[in-house]
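If you want the building blocks of each chain, they are given just below.
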Amino acid sequence: MSTVPQAGGAPVDGVPPLLARILDDAALVSPGPRREMTDAVGAYLDARGGEHGELVGALVVPVSRLQEFVADLVRRRPPEPLPIALSVDTGLGGVPKALSLTSARAALLATGTVEMPAPHDVDSVWLERVTEFVPDDVVAVVEPRRPDADGSDDWIDGVKRVVGHGCRPKLRCGGDRAGAFPGVTDVSRFLAVVAASGRSFTASIGLQSAVRHTDPATGFAHHGWLNLLVAVTRALRSVPETTTSEGDTERRGDGPYEVDPADLVDAVRDALDATDATALAGEVAAVDEATARRVRAHLSSFGSTAPADQGAEMARLGLV
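By convention here, each chain's residues receive numbers from 1 onward along its written sequence. Selection of residues for local features in this predicted model requires a pLDDT of at least 70, selection of side-chain atom pairs for listing and counting requires 80 or more, and totals for whole chains, interfaces and linings are taken over all residues. Computation of side-chain values covers all heavy atoms of the structure but excludes hydrogens and water.

*Asks:* How should I be thinking about the pattern of salt bridges in this particular structure?
*Replies:* Oppositely charged side chains can form a pair if their charged atoms are brought close together. Think of a salt bridge as a Lys or Arg side-chain nitrogen and an Asp or Glu carboxyl oxygen that are within 4 Å of each other. In the structure shown here, the tally under the stated rule is 13 salt bridges. Here Arg234 makes a salt bridge to Glu283, at a shortest N to O gap of 2.8 Å. Placement of Arg234 in helix 7 (residues 225-237) and of Glu283 in helix 9 (residues 277-285) is noted, with a sequence separation of 49 residues between them. Exposure categories follow from relative accessible area, calculated using a 1.4 Å probe and restricted to protein chains: below 20% of the type maximum is buried, above 50% is exposed, and the middle band is partly exposed. For Arg234, a relative accessible area of 25% puts it in the partly exposed group. Between Arg293 and Glu289 there is a salt bridge, with its nearest N and O atoms 2.8 Å apart. Of this pair, Arg293 and Glu289 are both found in helix 10 (residues 289-296), 4 residues apart, which corresponds to roughly one turn of the helix. Residue Arg293 is classed as partly exposed on the basis of its relative accessible area, which comes to 48%. Segments assigned H or I by DSSP are reported as helices when at least four residues long, segments assigned E as strands when at least two residues long, and all are numbered from the N terminus.

Below, the structure written as C-alpha cells:
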C-alpha cells in the first residue's frame, strides 16, 4: 500500500477523496459529430476500468437516446448497474417517461441526477414543476441560462432561485462563441452564492485543462478545473461550520450557512485568475481529508469528453 500523501491528506492507494468520481463522461452530449452509442459506452467502461478509473463518475445520457443506451446495456449485461446522469434534451414533459424506463432497468443502470437547462426567465413555477417530476432520491440539476455579458445580476438571481428550490445549479464552463460561458466575474459570484448556500453544484464539459488558458484558435480564455477546486476550497475557508453539542459537524453542502455571498467573492477571484499549474496543484495536494470531503460536498463533479486524458493530467501534476 502506498504511504505517499496525496490530495485529500491521507496516505492512500489510488484516487484521493478530493478527486474520487469527479469526472462525468459527457461524450454523448458533447458538441460535434454524433458519437455511436456502442463506442461511447465502450470508451466509458474502458475509462472506469483503466489506471485512473476511480476518477470516473457517471455517464451523461441524453433522454433522446435513452432507449438506444438501454438496448446497448441489455446486450452487454454489465456486472453492476452503471451510474448515469440523464440530460434532458426533449423538454420537461419527457422526464417522467425517462425515469420510468430507468427505474424498470435498475439492474442495468442507476440514475443519480437529471440535468436540464432552465428558461431565461427561470421562475418559481417552472422550478416547482421540476421538483414535482424528479423524485427525492434523484438530484435535479438545473443550468440557469445567462446573457452574453459578464456581471449579469439577472443570471445570479436565477442561480439563487435554483438553489432556493433545492436544486443543484450547473455552471457552464465552455462554448464556441464569445460570451457563451461566464467569465471570472460571474464565476466568482456563482461560487460565492453556492458556498454561502451550503448547496452543491456541477460544472460542464468546458473544463478541458487543469488551469486557466487562452485557446489559440479562438482567443477565448477558458477556466481550469484546478482553478475551480482551489476557488471552492478558499471560499469554504471563509464559511464557518456548525458543530453540535455531540461534536458532529453539520451543514456540509446540505443547507444555508450564515454568511453573505458578497463576502466570499474576493476569496475566489484570485484562484480563478491564476495560471501557475504547479502552485495550484500544490495547494490542492495540501488539502486535508476533512476539507477535501467538504469541498466535494459543494463541487459534485465536472463533465469531460476524455476522462482518461484528464486522469493522465492529474497524474502528471502528482494529484493521483
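*Asks:* What exactly am I supposed to notice about the confidence of the model for the chain here?
*Replies:* Where the model shows low pLDDT, its predicted coordinates should not be examined in detail. With 90% of its residues at a pLDDT of at least 70, the chain reaches an overall mean of 88. Per-residue pLDDT stays below 50 along residues 1-6; that stretch engages in 15 contacts with residues further than four places along the chain or on separate chains. Segment residues 243-254 is flagged for pLDDT under 50; beyond a separation of four residues in sequence, or across chains, it makes 21 contacts in the model. Per-residue confidence from the prediction method is given by pLDDT, with values spanning 0 to 100. We call two residues in contact whenever any of their non-hydrogen atoms come within 4.5 Å of each other.

*Asks:* Is there a simple way to think about the sheet that holds strand 5 (residues 139-143) in this case?
*Replies:* For sheets, the rule is that strands pair by backbone hydrogen bonds, running either parallel or antiparallel. Pairing between two strands is assigned when DSSP locates at least 2 bridges connecting them. The strand order around the closed barrel built from 8 strands is 1-2-3-4-5-6-7-12, with neighbouring strands paired in parallel fashion. Sheet twist, expressed as the mean angle between neighbouring strand axes with direction ignored, is 30 degrees. Bridge count for strand 4 (residues 109-117) against strand 5 is 5 bridges, and the pairing is parallel. Across the sheet, residue Pro117 finds its bridge partner in strand 5, namely Glu143. Angles shown run from 0 to 180 degrees and are taken between the N-to-C directions of axes, each axis being a line fitted to C-alpha atoms and, for helices, limited to the stretch in contact. Contacts between helix 3 (residues 95-104) and the sheet are confined to strand 3 (82-87) and strand 4, with strand 4 contributing the most and set at about 165 degrees to the helix.

*Asks:* Sorry if this is basic, but what is going on with the side chain of Ser152 here?
*Replies:* Take Ser152: it is sitting in the loop between strand 5 and helix 5 (153-164). Throughout this description, a polar contact denotes any pair of N or O atoms lying within 3.5 Å of each other; where both atoms belong to protein, one of them has to be capable of donating a hydrogen while the other can accept it, and for residues adjacent in sequence the pair is counted only when both atoms sit in side chains. Separated by 3.1 Å, the side chain of Ser152 and the backbone nitrogen of Trp155 make a polar contact. Beyond its immediate sequence surroundings of up to four residues, Ser152 is in contact with Pro147, Asp186 and Arg189.

*Asks:* Could you clarify how one ought to interpret the nonpolar core in this entry?
*Replies:* Most often, soluble globular proteins have nonpolar side chains that are buried together. For this analysis, a nonpolar core means a set of buried residues of the types Ala, Val, Leu, Ile, Met, Phe, Trp, Tyr and Cys, connected via side-chain atoms within 4.5 Å. Membership of the largest hydrophobic core comes to 52 residues, with the highest contact counts inside it found for Leu19, Phe201, Trp225, Leu226 and Leu228. Within the residue set of this core, elements represented by two or more residues are helix 5, helix 6 (184-197), strand 7 (201-203), helix 7, helix 8 (265-273), helix 9, helix 10 and strand 12 (299-304). Those residues in contact with Leu19 that lie beyond four places of it in its chain are Glu54, Leu55, Leu229, Arg296, Met314, Leu319 and Val320. With 37 residues, the next largest nonpolar core counts Val41, Tyr44, Leu92 and Val95 among its residues.

*Asks:* Would you take a moment to explain the packing of helix 2 (residues 66-76) against helix 3 for this structure?
*Replies:* For any two helices packed against each other, one specifies the crossing angle of their axes together with the interaxial distance. Taken N-terminus to C-terminus, the directions of helix 2 and helix 3 make an angle of 5 degrees; their axes are 11 Å apart at the nearest point. With respect to helix 3, the axis of helix 2 lies roughly parallel. Between helix 2, through Leu66, Gln67 and Val70, and helix 3, the contact on the second element is made entirely by Ala98, Leu101 and Thr102. Residue polarity follows a fixed list, in which Ala, Val, Leu, Ile, Met, Phe, Trp, Tyr, Cys and Pro are nonpolar, Asp, Glu, Lys and Arg are charged, and the others, Gly among them, are polar. Per-class residue counts for the contact of helix 2 with helix 3 are 4 nonpolar, 2 polar and no charged. Angular relationships are summarised with four words: roughly parallel below 35 degrees, roughly antiparallel beyond 145, roughly perpendicular across 65 to 115, and oblique for the angles in between.

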